[in-house]
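Here's the letter readout for the chains.
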Amino acid sequence: MFDNLTTRDSLLRNITDDTNKLASLSEVHASINIPEGAGFWKKLMAFTGPGLMVAVGYIDPGNWATDIEGGSRFGYTLLTVILVSNLFAMLLQHLALKLGIASGRDLAQACRDYYSKPVSVVLWILSEIAIAATDLAEVIGSAIALNLLFGLPLTVGIVFTSLDVLLVLYFQQKGFRIIESIVGALMGIILLSFIYEMIVSEPSLSGIAGGLLPKLEIVTNPGMLYIAIGILGATVMPHNLYLHSSIVQTRNFKRDEEGKKTAIKFATIDSTVSLGLAFFINASILILAAAAFHTNGHREVADITDAYHLLDPVLGVSMAGIFFALALLASGQSSTLTGTLAGQIVMEGFLNIRLKPWIRRLITRAIAIIPALIVTSLYGEKGMAELLVFSQVILSLQLSFAVVPLVLFTSNKKIMGNFANSRSMAILSWVITSIIIVLNGYLLFRTLF
């Protein structure tokens, strides 16, 4: 499906870095200044932001269901899967930011430049499906959190989540740094909530250490392997690769060789540290489920609502459930902001169609709200939980179609110049890509048969 890049160089458009009309997210392109001659920490602060926006995609509500089920059924064993998934994510997000900085093109634009129109359209459709699945998880997660915190019926909560389009539009007008700050604040709420959960749940430190070591039974136990693949699919998000390759270009760094080298260095630090925080939160969800449920004999908990209701009585505290639901709401809302941007980047990049942000947002949210409303009306909470898991299966299946072009582009010297992947980096990237493709193939087989 993917054309040989070396035979498609004639399709590359002559685009200069300063042509903002065709730049990714042109309204905020190079809008955040990098201080000249500043020290390491001041420069790092200027580059900090895109990593956090990407990281929230790795802790969206879709991750919660797989982490809770993994922890309640198998204790700390699948912690190693979360660790490996995050290491995969760190490398893939490094490739994404490197593509954006070195080539001046986001992943969607690069696909349009180098692939034939039919291939680009297919990739666009697949990426839109992935974004819709992501948005579906955010809608469900936010609706469940509103129900748990305020008692809103799920159908009312689903409709209520459509109002966040107004919030997104308002803050987009205030500048990109404002959006990054809001996402950072929501990330802080989630982080503090799970620090509290770790304190009150008193997990086994030896169990955590043992869970971080890989075990053969993860592969040999079909039930464990199925959840492990679900964790992988829920952790590495395809839309984040498009998002990251674009938002790193909001920094006004020098577009020469040295400037790009510096930008890649600081953006990689930002991304890696932020994904480290995402790993802590994802691991905390699984650890909480292992300590609270698996250890106490509640090994069939696979539902966010059940987890919320069981936390306080099992742990013997009065606030564990509240902090859990608050973190879930913050997770859904922060992911909403980044999902909006990813949708805009994908449509503009693949099709060069620039819709008004409110139109784009309403379309994406409508695609998510309609199936959520139908399933909730017909099947209630149980249907919502199953729909949440199904959204993660869809994301997992879409991942390969974003990863393969990313590795191809970043390994191509005609696109990346001196920033092309080294031989060892290219080999490592293809190994990870192959693992993702094989595991997703297995997941598809298990889902269908």
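First, a word on scope: everything that follows refers to the structure included in this document. These numbers come from a predicted model, not from an experiment.

1. A look at the overall build of the chain
Working step 1: Helix and strand content of the chain: 20 helices and two strands.
Working step 2: A compact globule built from 449 residues should have a C-alpha radius of gyration of about 22 Å, and the chain, at 21 Å, falls within 12% of that.
Working step 3: Judged by the C-alpha coordinates and their principal axes, the chain covers about 60 × 50 × 45 Å.
Working step 4: Counting over 449 residues, the chain shows a buried share of 58%.
Working step 5: Long-range pairs, those at least 24 residues apart, make up 85% of the contacts in the chain with a sequence separation of at least 6.
Working step 6: If you average the places of the 30 positive and of the 30 negative side-chain charges in the chain, the two averages end up 10 Å apart.

2. Looking at the side chain of Gln109
Working step 1: Position of Gln109 among the secondary structure elements: in helix H5 (residues 107–114).
Working step 2: What makes Gln109 buried here is its relative accessible area of 3%.
Working step 3: Those residues in contact with Gln109, other than ones at most four positions away along the chain, are Leu22, Ala23, Ser24, Gly104 and Gly349.

3. Some thoughts on the pattern of salt bridges
One side chain can pair with another of opposite charge once the charged atoms of both are near each other.
Working step 1: Counting across every chain of the model gives four salt bridges.
Working step 2: Arg73 is the salt-bridge partner of Glu69, the closest N and O atoms lying 3.5 Å from each other. Residue Glu69 and its partner Arg73 are both found in helix H3 (residues 61–74); the two are separated by four residues, about one turn of the helix.
Working step 3: Judged by its relative accessible area of 21%, Glu69 falls in the partly exposed class.
Working step 4: For Asp113, the salt bridge is made with Arg105, and the minimal N-O distance between the two is 2.9 Å. This pair shows no difference in class: Asp113 is buried, exactly as Arg105 is.
Working step 5: Linked by salt bridges that have partners in common, Arg177, Glu180 and Arg251 make up one network.

4. Description of the packing of aromatic side chains
Working step 1: As enumerated under the stated definition, the model contains nine aromatic pairs in all.
Working step 2: Ring geometry for Phe47 and Phe266: centres 5.6 Å apart, planes at 5°, overall stacked. Here Phe47 is found in helix H1 (residues 40–47), whereas its partner Phe266 is found in helix H14 (residues 257–294), with 219 residues between them in sequence. There is no split in this pair, since Phe47 and Phe266 are both buried.
Working step 3: Seen from their ring centres, Tyr115 and Phe409 are 5.6 Å apart, and the 40° between their planes marks the pair as tilted. Of this pair, Tyr115 sits in the loop between H5 and helix H6 (117–150) while Phe409 sits in helix H18 (residues 400–410); the two residues are 294 residues apart in sequence, bridging distant segments of the chain.
Working step 4: The rings of Phe40, Trp41, Phe47 and Phe266 are connected pair by pair, giving a single aromatic cluster.
Working step 5: Over the aromatic face of Phe253 sits the side chain of Arg255, whose NZ or CZ is 3.8 Å from the ring centroid.

5. Digging into the packing of helix H9 (residues 176–201) against H14
Working step 1: Running from N to C, H9 and H14 point in directions that differ by 35°, and their axes come no closer than 10 Å. Pair H9 / H14 crosses with left-handed handedness. Of the residues in H14, those in contact with Met187, Ile190, Leu191, Phe194, Ile195, Glu197, Met198 and Ser201 of H9 are Ser274, Leu277, Ala278, Phe280, Ile281, Ser284, Ile285, Ile287, Leu288 and Ala291.

6. A word on the nonpolar core
In a soluble, globular protein the nonpolar side chains are often hidden away together inside.
Working step 1: Within the largest apolar cluster, 133 residues are counted, with the highest numbers of intra-cluster contacts made by Leu78, Phe324 and Phe409.
Working step 2: Here the element with the most residues in this core is H14; it accounts for 17 residues.
Working step 3: By size, the runner-up hydrophobic cluster in this structure holds five residues, among which are Ala130, Ala133, Met237 and Ile394.

7. Details of the packing of H9 against helix H16 (residues 320–351)
Working step 1: Where H9 meets H16, the closest approach of the two axes is 9 Å, and the angle between their N-to-C directions is 155°. Regarding the angle of H9 to H16, the classification is roughly antiparallel. For the pair H9 and H16, the sense of crossing is left-handed. Only Ala320, Phe323, Phe324, Leu326, Ala327, Ala330, Ser331, Gln333, Ser334, Leu337 and Leu341 of H16 make contact with H9, whose side of the interface consists of Phe176, Ile182, Val183, Leu186, Ile189, Ile190, Ser193, Phe194, Tyr196 and Glu197.
Working step 2: Considered class by class, the residues forming the contact of H9 with H16 number 16 nonpolar, four polar and one charged.

8. Section: unusual backbone geometry
The general pattern is negative phi for most residues beyond glycine and trans for most peptide bonds.
Working step 1: Positive phi, normally seen in glycine, also occurs at Leu25, with a value near 45°.
Working step 2: Examined against the element boundaries, Leu25 turns out to sit in the segment before strand S1 (32–33).

9. A word on H14
Working step 1: For H14, with 38 residues, the first-to-last C-alpha span of 53 Å sits near the 56 Å given by 1.5 Å per residue.
Working step 2: Of all 38 residues that make up H14, 27 are buried, and the element is covered over most of its length.

10. A short note on H6
Working step 1: Compared with the 50 Å implied by 1.5 Å per residue over 34 residues, the 48 Å span of H6 between its first and last C-alpha is a close match.
Working step 2: For H6, the tally of buried residues reaches 26 of 34 residues, placing the bulk of the element in the interior.
Working step 3: Looking one or two places after H6, you find Gly151, whose phi comes out positive at around 75°.

11. Some words on a nonpolar patch on the surface
Working step 1: Among the surface-exposed residues, Leu192, Ile195, Ile199 and Phe280 lie close enough to one another that they form a single nonpolar patch of about 380 Å² accessible area.
Working step 2: A total of three residues in the nonpolar patch trace back to one element, the largest contributor, which is H9.
Working step 3: Considering the arrangement of structural elements, one finds Phe280 in helix H14.
Working step 4: Residue class for Phe280 comes out partly exposed when judged on its relative accessible area of 32%.

12. What to know about the environment of Gly383
Working step 1: Structurally, Gly383 is set in helix H17 (residues 357–398).
Working step 2: Residue classification places Gly383 among the buried positions, given a relative accessible area of 6%.
Working step 3: For the pair Gly383 and Gly62, spaced 321 residues apart in sequence, the C-alpha separation works out to 14 Å.

Criteria and cut-off values
Residues numbered from 1 in each chain as written. Predicted model: local features only at pLDDT ≥ 70, side-chain atom pairs only at ≥ 80, totals over all residues. Heavy atoms only, no water. Helix = DSSP H or I, 4+ residues; strand = E, 2+ residues; numbered from the N terminus. Rg over C-alpha atoms; globule rule 2.2 N^0.38 Å. Buried < 20%, exposed > 50% of the residue type's maximum accessible area, 1.4 Å probe, protein only. Contact = heavy atoms within 4.5 Å. Lys, Arg positive; Asp, Glu negative; His and termini not counted. Charge placed at Lys NZ, Arg CZ, Asp CG, Glu CD. Salt bridge = Lys/Arg side-chain N within 4 Å of Asp/Glu carboxyl O. Phe/Tyr/Trp six-rings, centres within 6.5 Å; stacked < 30°, edge-to-face > 60°. Lys NZ or Arg CZ within 6 Å of the ring centre and 35° of its normal. Axes fitted to C-alpha atoms, helices over the stretch in contact; angles between N-to-C directions. Left-handed = near helix turned anticlockwise from the far one by under 90°. Core = buried A, V, L, I, M, F, W, Y, C linked by side-chain atoms within 4.5 Å. Parallel < 35°, antiparallel > 145°, perpendicular 65-115°, else oblique. Nonpolar A, V, L, I, M, F, W, Y, C, P; charged D, E, K, R; others polar. Expected span 1.5 Å × (residues − 1). Patch = residues over 30% accessible without salt bridge, like charges linked within 9 Å, V, L, I, M, F, W, Y side chains within 5 Å. Areas by Shrake-Rupley, 256 points an atom, 1.4 Å probe, with all protein chains shown as cover.

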